[in-house]
Amino acid sequence: MKIVIDAMGGDNAPFEIVKGVCMAASSYPTVEFVLLGDESSINNCFKDFEKPTNVCIIHTNSFVTMEDDPMVITKEKNDSSMAIGLNMLKNDECDGFLSAGSTGALHVGSTIIVRKIKGIRRSAIASMIPFEKPILLLDSGANTDVTEDILNQWAILGSVYMNKMYGVENVR
């Protein structure tokens, strides 16, 4: 399995991202972790952590900031760590892509670059709530105009996710 991570997105990046990837890499030694971003900045983080053998770095020339317009991912910053990661996902070059960066840019990029599932009109941001029995909160973003058709699609997506990932048989 190959997981690609936008090392430049999020608070205190790339340090906190590298720290998390090092923790994950030691727990999952058979998973290949690929950090995307400024190679020298990422390598500087390995002064504080030993670089695991299952972690590699791919240099990118730019990254999406929290201040950027979300559409920047498809135009001016299509060479960013986020855009490259989404393109790798689209082209089946990895099994998953993670970014703690701009939610708006990630949502736009996911929709335009990776594309939605055929028949799904609008994607939803999902958050796991870590109770004893896990709960998936769908539409934890800022949608203000949602139809019953979209709510029904999200219910199906959430139901399938909870069944496949957590074995929940009677999702409600």
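Scroll up a little and you will see the structure.
Residues numbered from 1 in each chain as written. Predicted model: local features only at pLDDT ≥ 70, side-chain atom pairs only at ≥ 80, totals over all residues. Heavy atoms only, no water.

*Asks:* So what about the overall build of the chain? Which residues, and what values?
*Replies:* Helix and strand counts for the chain come out as five helices and six strands. When the helices and strands of the chain are read in sequence order from the N terminus, they spell out β-α-β-α-β-α-β-α-β-β-α. Against the globule reference of 16 Å for 172 residues, the chain gives a C-alpha radius of gyration of 17 Å, in line with a compact fold. With the principal axes as the frame, the chain shows a C-alpha extent of 50 × 40 × 25 Å. Residue burial in the chain is summarised as follows: out of 172 residues, 33% are buried. In the chain, 51% of the contacts between residues at least 6 apart in sequence involve partners at least 24 apart. When the accessible surface of the chain is split by element, carbon and sulfur atoms take 52% of a total near 10,600 Å². One way to put it: in the chain the 15 positive side-chain charges average out to a point 6 Å from where the 22 negative ones average out. (Helix = DSSP H or I, 4+ residues; strand = E, 2+ residues; numbered from the N terminus. Rg over C-alpha atoms; globule rule 2.2 N^0.38 Å. Buried < 20%, exposed > 50% of the residue type's maximum accessible area, 1.4 Å probe, protein only. Contact = heavy atoms within 4.5 Å. Areas by Shrake-Rupley, 256 points an atom, 1.4 Å probe, with all protein chains shown as cover. Lys, Arg positive; Asp, Glu negative; His and termini not counted. Charge placed at Lys NZ, Arg CZ, Asp CG, Glu CD.)

*Asks:* Please give an account of the pairing of strand E3 (residues 55-59) that cites residues and values.
*Replies:* As defined by bridge partners, strand E2 (residues 32-37) adjoins E3 across five bridges and the pair is classed as parallel. Looking across to E3, one finds that Leu-35 is bridged to Ile-57. Between the parallel pair E2 and E3, the chain is carried across by helix H2 (residues 39-45), and the sense of this crossover is right-handed. (Pairing = 2+ DSSP bridges. Right-handed = clockwise from strand over helix to strand, strands pointing away.)

*Asks:* Can you tell me about the nonpolar core, naming the residues and giving the values?
*Replies:* Most often, soluble globular proteins have nonpolar side chains that are buried together. Among the nonpolar cores identified, the biggest contains 16 residues, and Phe-33, Leu-35 and Phe-46 are the most heavily contacted of them. Residue assignment for this core shows that the elements contributing at least two residues are strand E1 (2-6), helix H1 (15-27), E2, H2 and E3. Of all hydrophobic cores here, the second largest spans 15 residues; its members include Ala-83, Cys-94, Ala-105 and Val-108. (Core = buried A, V, L, I, M, F, W, Y, C linked by side-chain atoms within 4.5 Å.)

*Asks:* Tell me about the packing of helix H3 (residues 81-90) against helix H4 (residues 103-114), and please be specific about residues and values.
*Replies:* At a closest axis distance of 10 Å, the pairing of H3 and H4 adopts a crossing angle of 35°. Crossing of H3 against H4: the hand is right-handed. For the pair formed by H3 and H4, the contact residues are Met-82, Ala-83, Leu-86, Asn-87, Leu-89 and Lys-90 on the first element and Ala-105, Leu-106, Gly-109, Ser-110, Ile-113 and Val-114 on the second. Classifying every residue of the contact of H3 with H4 gives eight nonpolar, three polar and one charged. (Axes fitted to C-alpha atoms, helices over the stretch in contact; angles between N-to-C directions. Left-handed = near helix turned anticlockwise from the far one by under 90°. Nonpolar A, V, L, I, M, F, W, Y, C, P; charged D, E, K, R; others polar.)

*Asks:* Let's hear about the pattern of salt bridges: which residues, and what values?
*Replies:* Considering all chains together, one arrives at three salt bridges under this definition. One salt bridge connects Glu-16 with Lys-19, and the closest N-O pair in it is separated by 4.0 Å. Of this pair, Glu-16 and Lys-19 are both found in helix H1, three residues apart, which corresponds to roughly one turn of the helix. Overall, the relative accessible area of 33% leaves Glu-16 in the partly exposed class. (Salt bridge = Lys/Arg side-chain N within 4 Å of Asp/Glu carboxyl O.)

*Asks:* Which residues make up helix H5 (residues 148-166), and what values do they have?
*Replies:* Taking 1.5 Å as the rise per residue, H5 with 19 residues should run 27 Å; its terminal C-alpha atoms sit 26 Å apart, in good agreement. Among all positions in H5, only Ile-150, Gln-153, Trp-154, Gly-158 and Met-162 are buried. Burial along H5 is one-sided: seen end-on, the buried residues are contained in an arc of 165°. Set apart from the buried face of H5 by more than 90 degrees, the exposed residues are Glu-148, Ile-156 and Lys-164. At its buried positions, H5 is contacted by strand E5 (126-129) and strand E6 (135-138). (Expected span 1.5 Å × (residues − 1). Arc of directions from axis to C-beta.)

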